[in-house]
Amino acid sequence: MNEKTTMLETETKDVENAQKPAVDPLTKAIGAIGKWQIWICFIVFLVKFPVAWHQMSIIFLAPPMNFTCGTSDVFDNQCHGNCSDYKFDHSVFKETIVSQWDLVCDRHWMKNLTQTIFMLGILVGNMMFGHLSDRFGRRLPFLSAVFLQLIAGVTTAYSVNWYMFTTLRFLLAVATGGTMVTSFVLTMELIGTKYRDTVGILYQIPFNLGHLTLPVFGYFLRSWDKFQLAISLPSILFLSYYYLLPESPRWMITAGRSEQAVKILKKAALMNGRPTEGISSSIQKLVVEMNWQTHERASVLDLFRTPKLRVRTIAICFNWFVCGFCFFGVSQYIGHVSGNIFSNVAISAAILVPGTVISIYANQFLGRKVTLISSNCLTGLSCLLIIFVQSSVGHLTLGCVGLFGMSISFATVYLYAGELFPTVVRNTGVGLSSTLARVGSMVAPFVATLGHNIPWLPPIMFGCVPLVGSCLCIFLPDTRGKKLPDTLEEGEA
């Protein structure tokens, strides 16, 4: 009887151990989170401030300006076919790219094209630096992107024409996209699974704070070149990261540089108050296991081969498009709402911080699916209500509610995509999703400025698109608390 009981207890323990997830050797060595990870996250998160400044700067680089043709003192904003000398109202802004290069009437499209090309640069930067970070590590591409961001940002302030300005802004965007992808990957590789969701969402807050501080630059620097210079110069501080920022130990191990990875892990373990004995042996064991592993080869086409995965890929990619389209579009639309542009932008930015924090709890208690549907519906309905409201205060209020919803959606789709795609195509799937978000942000400026001619069209567009995204969420499973799929078969099942 005792022998049978002992065998039963042994079998039960074996089953329980088999069901437990394998402990990541790196997490076991330095802990899921500690002083070392918090310090690295802090210095990396600071980079999100200039990311926000440059992405949202078009609001103050090219704000709405009243104008007239000739020497008239009445700014009627009327276009005349033969006008070659426009006069602008400089009561709010001393100089903008609109007044500098007459970007009105038949040249109005050039203002929108500038922001579209910038968002294209973000897309190129995401893809290019994403590839470089896989090949050369996280640290070197990150430092290169920061340096390029500094040089391109400063030289943009000295542009002599629209073509030079737009070209330099494209290079600035490539660098900005590079800092975004490398900083996020580096952070996620240092944090243990238990805290990865929370830190991944908190990663968005410095962007929100950067957006919130942007009106301060705009208020005190009313000339576009001084404003551009002011938001670019702080990147000088990030050159110190050459000495402060370590390489990702996880990447070093995959690249065959395990000895250097062990040195970094031992330093991190000491800072976190954890023992350093056994780190070398556990990392060597991990290297041996990795060398014996065989990886399933997959491509972007595999995301569309099977029925369920195809539908889910389309649904999540469209929701990323929704986020890029509505977030940047509504933000720019609010900048065009009558009233004080500085307070309008500050209020709309302030609402993003609580939205991002709420998304942490919403994803924990409601799950990904309900959270994404609810936040998209909130944005869609608030934007549609703008059509029926006449006051500028009402437009601002509803626009802020829409941005609040988008702050929750954006944080959620990051998590959702990472959990939805199988391991063999996860990077590919998230990359494709992010590409769709950039496409949305490229279209957004043209839609946001349509309100000058057709006031009801931007609210219709910004209202209907997220509602369509909510409907597509019906085809998505809720991934909260579920095992991450590894193979294409698991992803389909």
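Refer to the structure presented above.
Residues numbered from 1 in each chain as written. Predicted model: local features only at pLDDT ≥ 70, side-chain atom pairs only at ≥ 80, totals over all residues. Heavy atoms only, no water.

Student: Before we move on, can you summarise the overall build of the protein with the specific residues and values?
Tutor: Assigned secondary structure in the protein consists of 24 helices and two strands. Relative to its 493 residues, the protein shows a buried fraction of 51%. Restricting the contact set of the protein to residue pairs at least 6 apart, pairs at least 24 apart contribute 79%. Accessible area of the protein: about 22700 Å², with a carbon and sulfur share of 65%. (Helix = DSSP H or I, 4+ residues; strand = E, 2+ residues; numbered from the N terminus. Buried < 20%, exposed > 50% of the residue type's maximum accessible area, 1.4 Å probe, protein only. Contact = heavy atoms within 4.5 Å. Areas by Shrake-Rupley, 256 points an atom, 1.4 Å probe, with all protein chains shown as cover.)

Student: Please provide a residue-by-residue account of the nonpolar core, values included.
Tutor: Of all hydrophobic cores here, the largest spans 80 residues; its most connected members are F60, I97, I316, F325, F327 and F462. Ranked by residues supplied to this core, first place goes to helix α17 (residues 307-335) with 14 residues. Those residues in contact with I316, other than ones at most four positions away along the chain, are Y416, A417, L420, F421, S433 and L476. Counting 29 residues, the second-largest nonpolar core is a separate cluster that includes I30, I43, L245 and M252. (Core = buried A, V, L, I, M, F, W, Y, C linked by side-chain atoms within 4.5 Å.)

Student: So what about the environment of A230? Which residues, and what values?
Tutor: Position of A230 among the secondary structure elements: in helix α12 (residues 224-232). C-alpha separation for the pair A230 and A157, spaced 73 residues apart in sequence, amounts to 9.2 Å. Discounting chain neighbours no more than four positions away, the residues touching A230 are F217 and L221.

Student: Give me the lowdown on the packing of aromatic side chains, citing residues and values where you can.
Tutor: Inspection of the entire model under this criterion finds 28 aromatic pairs. Look at F325 and F462: their rings are 5.0 Å apart centre to centre, the planes differ by 45°, and that puts the pair in the tilted class. One end of the pair, F325, is in helix α17; the other, F462, is in helix α23 (residues 457-472), and 137 residues separate them in sequence. For the pair shown, F325 and F462 are each scored as buried. The structure contains a cluster of three or more aromatic residues connected by ring pairs, namely F60, F93, Y219, F220, F227 and F342. Residue placement shows R139 over the ring face of Y242; its charged tip is 5.0 Å from the ring centre. The side chain of R169 reaches across the aromatic face of F118, ending 4.2 Å from its centre. (Phe/Tyr/Trp six-rings, centres within 6.5 Å; stacked < 30°, edge-to-face > 60°. Lys NZ or Arg CZ within 6 Å of the ring centre and 35° of its normal.)

The values reported here are purely geometric and, on their own, carry no functional implication.
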